[in-house]
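# Observations on the three-dimensional arrangement
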Amino acid sequence: QVQLVESGGGLVQPGGSLTLSCVASGDIFRIYEMGWYRQAPGKQRELVASTTGGGTTAVVDSVKGRFTVARSNLKKTVLQMNSLDPEDTAVYYCKAVIVKLGDALAHSEYWGQGTQVTVSS
C-alpha cells in the first residue's frame, strides 16, 4: 500500500524553472532516504539528487548550481530545477527506501510513476 507520487512536471522553455514534488503515503514506519532519478529517451536511468532524514542533500555534478533538493518533511522531497536546458528533458522518478509498519526490521526500495519534464522552445 506504500505509494510515491510525483508532481510538477511539464513543458518549459530553456532557461525556465520547474519544481517537482514527491510525496510518500501508506503504511510507513520510516523513510531512510528519498531521491530523484531521471531517464531521457534512449538513455538509462540516472541519479539526479538525494536526501536523507538526517538532513543531508546532494545533487550530481551535471546539475549542480542549477538544481537543489530538499526534504520539506519526512515524507516529501522537492526538487527545484532552474536554468533548465533541453538536455534536462526526461521522465523524472522519485525513489525512497522505506520501512513499512508491521515489518520494522526490513526496508524496501519504492519508485514513483514518474513525471515528464520537457525543455523545449
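Our structure's up above, just so we're on the same page.
Here we summarise the structure given alongside this text. (Residues numbered from 1 in each chain as written. Predicted model: local features only at pLDDT ≥ 70, side-chain atom pairs only at ≥ 80, totals over all residues. Heavy atoms only, no water.)

## What to know about the pattern of salt bridges
Per the stated rule, a full pass over the model turns up five salt bridges. Here Arg-38 ties to Glu-46 by a salt bridge, and the two come within 2.9 Å at their closest N and O atoms. Between Arg-66 and Asp-88 there is a salt bridge whose closest N-O contact spans 2.7 Å. Taken together, the residues Arg-66 in the loop between strand S6 (57-59) and strand S7 (67-73) and Asp-88 in the loop between strand S8 (76-81) and strand S9 (90-100) connect sequence positions 22 residues apart. Since its relative accessible area comes to 2%, Asp-88 is described here as buried. (Salt bridge = Lys/Arg side-chain N within 4 Å of Asp/Glu carboxyl O. Helix = DSSP H or I, 4+ residues; strand = E, 2+ residues; numbered from the N terminus. Buried < 20%, exposed > 50% of the residue type's maximum accessible area, 1.4 Å probe, protein only.)

## Quick word on the packing of aromatic side chains
In this description, a pair of aromatic rings is defined by centroid distance and the angle of the planes. Tallied over the full model, the rule gives one aromatic pair. One residue, Arg-45, lies across the ring of Tyr-93, its end atom 3.7 Å from the ring centre. Between Arg-45 and the ring centre of Trp-111, over which it is positioned, the NZ or CZ distance is 4.8 Å. (Phe/Tyr/Trp six-rings, centres within 6.5 Å; stacked < 30°, edge-to-face > 60°. Lys NZ or Arg CZ within 6 Å of the ring centre and 35° of its normal.)

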